[in-house]
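# Report on the structure
The chain contents come next:
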Amino acid sequence: METKTIRIKYHSNEIDKLTYIDGKSDWIDLRSAEHVEMKQGEFRLIKLGISMELPEGYEAVIVPRSSTFKNFGIIQTNHMGVVDETYCGNNDVWMMPALAMRDTEIQVNDRICQFRIQKHQPKIMFEETDDLGNKDRGGIGSTGKN
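The numbering scheme is per chain: residues are counted from 1 as the chain's sequence reads. Local features in a predicted model are, by the rule used here, given only for residues with pLDDT of at least 70; side-chain atom pairs are given and counted only at 80 or more, and totals for whole chains, interfaces and linings are based on all residues. Neither water nor hydrogens contribute to the side-chain values; these are computed over all heavy atoms in the structure.

## Concerning the side chain of serine 32
You can see serine 32 is positioned in the loop between β2 (28–31) and β3 (36–38). Under the scheme applied here, a residue whose accessible area is under 20% of the maximum for its type counts as buried, over 50% as exposed, and between as partly exposed, the area being computed with a 1.4 Å probe on protein chains only. A relative accessible area of 0% places serine 32 in the buried class. Contact criterion: two residues are considered in contact whenever any of their non-hydrogen atoms come within 4.5 Å of each other. If sequence neighbours within four positions are ignored, serine 32 has contacts with Ile15, Ile46, Lys47, Ile106, Gln107, Val108, Asn109, Asp110 and Ile112. Labels follow the DSSP assignment, with helices taken as runs of H or I lasting at least four residues and strands as runs of E lasting at least two, numbered in each case from the N terminus.

Structure, rendered in structure tokens:
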């Protein structure tokens, strides 16, 4: 597997440094860089305490961790954040847009979301047709409940 180097600037000495855990998951945890108290229904941009220079041709995808809602009662309002390689200045701090579904408190260094990088989508050209020539699967939700 190819290794990429990413330059990173930390805006907080209180959060753990990012680590890539080879063999477990290629998603990298991101942490709250601030103490946050939110009331149910409140929106907040939660600072993640980092800025990065991604490799050219790559973007980062940011999503909540599987335990984020259970532990903190927040949802990421854009459901999936995308950071491209042009968002790379010293003050281009990564954040998580969060909506509190209940009163909650997040401590500095709590793991609240995760990211991975991926190559940009290739240039796409659409070819119009009246028949795709493939078997139908049965529509949305057709794979069943099990």
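Now, onward.
## Some thoughts on the sheet that holds strand β7 (residues 74–76)
Note on pairing: DSSP must find at least two bridges between two strands before they are called paired. The antiparallel open sheet is built from three strands, whose spatial order is β4-β9-β7. Both outer strands of the open sheet, β4 (43–47) and β7, are each paired with one neighbouring strand and no more. Averaged over neighbouring strand pairs, the angle between their axes works out to 40 degrees when direction is ignored. Here β4 pairs with strand β9 (residues 95–100) via five bridges, running antiparallel. Pairing of phenylalanine 43 across the sheet is with leucine 99, part of β9. Axes here refer to lines fitted to C-alpha atoms; in helices the fit is confined to the stretch in contact. Angles between the N-to-C directions go from 0 to 180 degrees.

## Describing the state of the cysteines
When two cysteine sulfur atoms are found within 2.5 Å, that pair is recorded as a disulfide. Tallying each qualifying case throughout the model produces zero disulfides. Among the cysteines around cysteine 88, which has no disulfide bond, cysteine 113 carries the closest sulfur, lying 20 Å off. Looking at cysteine 88, the relative accessible area reads 36%, which means it is partly exposed.

## Some words on unusual backbone geometry
If you check the backbone angles, histidine 79 has positive phi at about 65 degrees while not being a glycine. The topology assignment puts histidine 79 in the loop between β7 and β8 (81–84). What makes histidine 79 exposed here is its relative accessible area of 59%.

## Notes on the packing of aromatic side chains
Pairing of aromatic side chains here covers Phe, Tyr and the six-membered ring of Trp, requires ring centres within 6.5 Å, and sorts the geometry by plane angle: under 30 degrees stacked, over 60 edge-to-face, intermediate tilted. Overall, the coordinates contain one aromatic pair when judged by the stated rule. Their ring planes at 85 degrees and their centres at 5.2 Å tell us that tryptophan 94 and phenylalanine 115 sit as a pair that is edge-to-face. Here tryptophan 94, found in the loop between β8 and β9, pairs with phenylalanine 115, found in strand β11 (residues 111–119); they are 21 residues apart in sequence, far enough to count as distant. Here, a charge over a ring means that NZ of Lys or CZ of Arg falls within 6 Å of the ring centre while also lying within 35 degrees of the ring normal. Just above the ring of tyrosine 10 sits the side chain of lysine 17; from NZ or CZ to the centre is 4.0 Å.

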